[in-house]
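A closer look at the structure
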Amino acid sequence: MDENESILIIDDDVSACETLAHIFGMKGYETETVGTGQEAIDKARERFFNVALLDIKLPDMEGIELIAPFKEMHPDMAVILVTGYASVENAVRALNDGAAAYITKPLNIDGLLDRVRDTVEKQRLVQEKRRAEEALRQSEERYRSLSIIDVLTGLYNRRHFYEALEAEISRTQRYGRSFSLIMLDLDGFKEYNDRFGHTNGDSVLQSLARMLKASLRKADMAFRHGGDEFTVILPATDAERAKRISDRIRAKWLQAPKAEYATLESPLGFSAGIAQFPENAETADGLVFLADTALLHAKRRGGYNSMAVSDLGELSPEVLHSTTMDQVYALAATVDTRDPYTHGHSTRVAAISENIGRAIGLSPMELADLHAAALLHDIGKVGVPDSILTKPGKLTKDEWKIIKTHSTEGARIVSYIRALGTAVPMILHHHEKYDGTGYPDGLKGEEIPLGARIISISDALDTMTTQRIYRVAVSHQEALEELRRCAGTQFDPELVEALCRITNEAIGASKAPPELVRAHLQAIPAYESSATRSSKSV
């Protein structure tokens, strides 16, 4: 028996109290006795007792009335009621209120000892189980902490960043607020590592991590994103304020003593890119992309500065042009990697669109704009849950509402890259229908941008001729017939005929424009294979 197992005996019969205290004392229990309910409550406030053994009739209250305050103070305290006035009603009430036992007088001392012993043993097992569960919980927390903490810097790692970003998006949507994301990158860190070695480089990263921790609010979260890149989530903070915070941290960082590592003639600074939710993007991927884009252009301005997404429009075309196409292909890849079953869809749609554009006489500049828009036509799907994007069955009305937002979200994401401005209306309207029944704006006929009408046809062709988990692919000729059937309602009839003409000419001559051959004619055997792929083309 544990030395601290104790019993509080409550009875206004002093002789009964003394007798019970003696009996339990002989068995090794620590005992205390009181004669009223209030005295019992006062004792329980002072300390924990394993068991409260009390008479149901007390001078100032009924013993049953003590169960609730005892349980409130000490949930593990076992209450055993003893009474010479037994009734079913009292027994049920006592047990419902949480009593461990209800015993009637005259007492069977051996039976009472057995009941107390069993009660204390059960209590001990429950407490041991709870301690074991708590130890397991702490162990799991330590393991999780290790799995989400970057060992070098002590900041949260990249894995936890995406979990925290999604959580902050949900919280912000719930309360109707904004938050900002900062992505920062040390300027000249590679050269520093090459000159002074990785040990000094690690010290620089650790020093910056400490600076971030010391400079941020409790609600803010800093992460090591990878290498010398860090991210910061700033709840309830707009982009302009986030920019000021970033600049303030940089100023403190540049002035901080650097005794713990080798220093350059001019200290290492950092560049920062800032995006605001939901004003700049409504998805995690879109927010990260835009913050990263702003960071890239901050570095191209010479580093040592912070740039918000709203600043991107102020850049010259020459600065933007050098990175735009890399961004296009990176964005397109984010969609394809969401669903391996439709890998290459964006590239094929871009190739088909370019061939249609060439067939109707678009200029090289117009073809380049069309190609970029077609590559990015589905970029808004980065915000659609995988459970919807790859669902094999019919979508519900609510799921359709979500998936139909991808054209608007895609246009929003791309709109912040100035050099891609011509692609925005094509992305926004590629699900409009020729008869005005499409989305998002119900445009009809030539109200729909030409590029959007072309992409709509290319998207439909690739979707029909690609095997999906929810239906089999159709032949190339069957797809063309379906496009003709829907010409004038869903599709621009002149553009459908242009596609049919160049495709039939290519098939008839056993050759086609290189892009079209790669995208479709060479891929036909794959469509007829047993491989299954799934997606939603909407």
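To keep things clear, this report deals only with the structure shown in the data block. The residue numbering used here restarts from 1 in each chain and proceeds along that chain's sequence as written. Residues qualify for local features only when their pLDDT is at least 70, as the model is predicted, and side-chain atom pairs are given and counted only at 80 or more; totals for whole chains, interfaces and linings, by contrast, use all residues. In computing side-chain values, all of the structure's heavy atoms are included and hydrogens and water are not.

Focus on the sheet that holds strand 3 (residues 51–55)
Pairing is parallel across the open sheet formed by 5 strands, whose spatial order is 2-1-3-4-5. Single-partner strands in this sheet number two, and they are strand 2 (30–34) and strand 5 (101–104). Within the sheet, the average angular offset between the axes of one strand and its neighbour, ignoring direction, is 20°. In this structure, strand 1 (residues 6–10) lies alongside strand 2, joined through 5 bridges in parallel fashion. Looking at the pairing, Ser 6 lines up with Glu 30 of strand 2. Paired strands are those between which DSSP finds at least two bridges. For the purposes of this entry, the term helix denotes a DSSP run of H or I that reaches at least four residues, the term strand denotes a run of E that reaches at least two, and both are numbered from the N terminus. Angular values range over 0 to 180 degrees, each being the angle between N-to-C directions of two axes fitted as lines to C-alpha atoms, with helices fitted over their stretch in contact.

What about the pairing of strand 6 (residues 179–186)?
Exposure categories follow from relative accessible area, calculated using a 1.4 Å probe and restricted to protein chains: below 20% of the type maximum is buried, above 50% is exposed, and the middle band is partly exposed. Most of strand 6 sits out of view: 8 of its 8 residues are buried. In this sheet, strand 8 (residues 229–235) lies alongside strand 6 in antiparallel orientation, the contact comprising 7 bridges. Note that in strand 8 the partner of Met 183 across the bridge is Thr 231. In this structure, strand 6 lies alongside strand 9 (residues 270–277), joined through 8 bridges in antiparallel fashion. By the bridge assignment for strand 9, Leu 181 is matched with Ala 275.

Here we look at the packing of helix 12 (residues 345–359) against helix 18 (residues 450–464)
Contact geometry of helix 12 with helix 18 gives a least axis separation of 8 Å together with a crossing angle of 130°. In terms of orientation, helix 12 and helix 18 fall into the oblique class. Regarding helix 12 and helix 18, the two cross each other, and that crossing is right-handed. Residues His 345, Arg 348, Val 349, Ile 352, Ser 353, Ile 356 and Gly 357 of helix 12 form the contact with helix 18, whose own contacting residues are Ile 454, Ile 455, Ile 457, Ser 458, Asp 459, Leu 461, Asp 462 and Thr 463. Here the residues of the contact of helix 12 with helix 18 sort into 7 nonpolar, 5 polar and 3 charged. Note that the term roughly parallel is reserved for angles under 35 degrees, roughly antiparallel for angles over 145, roughly perpendicular for angles of 65 to 115, and oblique for everything else. Helix crossings get a hand from a simple test, with the near helix turned counterclockwise from the far one by less than a right angle marking a left-handed crossing and a clockwise turn marking a right-handed one. Whether two residues are in contact is decided by their heavy atoms, any of which lying within 4.5 Å being enough. Under the convention adopted here, Pro, Cys and the residues Ala, Val, Leu, Ile, Met, Phe, Trp and Tyr are nonpolar, Asp, Glu, Lys and Arg are charged, and Gly plus all remaining residues are polar.

Some words on a positive patch on the surface
Note on patches: the residues involved have over 30% relative accessible area and no salt bridge, like charges join within 9 Å, and the nonpolar side chains Val, Leu, Ile, Met, Phe, Trp and Tyr join within 5 Å. Residue-level accessible areas treat just the shown protein chains as cover; the underlying method is Shrake-Rupley with a 1.4 Å probe. Take a side-chain nitrogen of Lys or Arg and a carboxyl oxygen of Asp or Glu: if they are within 4 Å of each other, that pair is a salt bridge. We treat Lys and Arg as the positive residues and Asp and Glu as the negative residues; His and chain ends play no part in the count. Here the site of a charge means NZ on Lys, CZ on Arg, CG on Asp, or CD on Glu. Taken together, Arg 241, Arg 244, Arg 248 and Lys 252 make up a surface patch of like positive charges. Assignment of secondary structure puts Lys 252 in helix 9 (residues 239–255). Judged by relative accessible area, which is 36%, Lys 252 ranks as partly exposed.

Some words on the pattern of salt bridges
Tallied over the full model, the rule gives 30 salt bridges. With its nearest N and O atoms 3.4 Å apart, the salt bridge here joins Asp 378 to Lys 381. Asp 492 is the partner of Arg 453 in a salt bridge, and the nearest nitrogen-oxygen pair spans 2.6 Å. Here Arg 453 is found in helix 18, whereas its partner Asp 492 is found in the loop between helix 19 (476–485) and helix 20 (493–508), with 39 residues between them in sequence. Each member of the salt-bridge network shares a partner with another, and the members are Glu 30, Glu 32, Lys 43 and Arg 47.

Considerations on the packing of helix 13 (residues 364–375) against helix 18
At a closest axis distance of 10 Å, the pairing of helix 13 and helix 18 adopts a crossing angle of 50°. Between helix 13 and helix 18, the interaxial angle falls into the category oblique. Where helix 13 crosses over helix 18, the handedness of that crossing is right-handed. Taken together, the residues of helix 18 that come into contact with helix 13 (itself represented by Leu 370, Ala 373 and Ala 374) are Gly 451, Ile 454 and Ile 455. Class assignment of the residues belonging to the contact of helix 13 with helix 18 gives a composition of 5 nonpolar, 1 polar and no charged.

Remarks on the sheet that holds strand 7 (residues 221–226)
Taken in spatial order, the 5 strands of this open sheet run 7-8-6-9-10, and their pairing is mixed. Each edge of the open sheet is held by one strand with a lone partner, namely strand 7 and strand 10 (306–308). With direction set aside, neighbouring strand axes in the sheet form an average angle of 20°. Where strand 7 lies against strand 8, 5 bridges are found, and the strand directions are antiparallel. Considered in strand 8, the bridge of Arg 224 is made with Phe 230. Sitting on the sheet, helix 6 (residues 158–175) touches strand 6, strand 7, strand 8 and strand 9, and the angle it makes with strand 7 is about 140°. Strand contacts of helix 9: strand 6, strand 8, strand 9 and strand 10, with the helix running at about 160° to strand 9, the strand carrying the most contacts.

As for the environment of Leu 66
Mapped onto the elements of the fold, Leu 66 is located in the loop between strand 3 and helix 3 (67–73). According to the relative accessible area criterion, Leu 66 is buried, its value standing at 0%. Separated by 13 residues in the primary sequence, Leu 66 and Val 79 place their C-alpha atoms 8.9 Å from one another. If we skip the residues at most four places from it in the chain, Leu 66 touches Ile 10, Gly 37, Ala 40, Ile 41, Leu 54, Leu 58 and Met 61.

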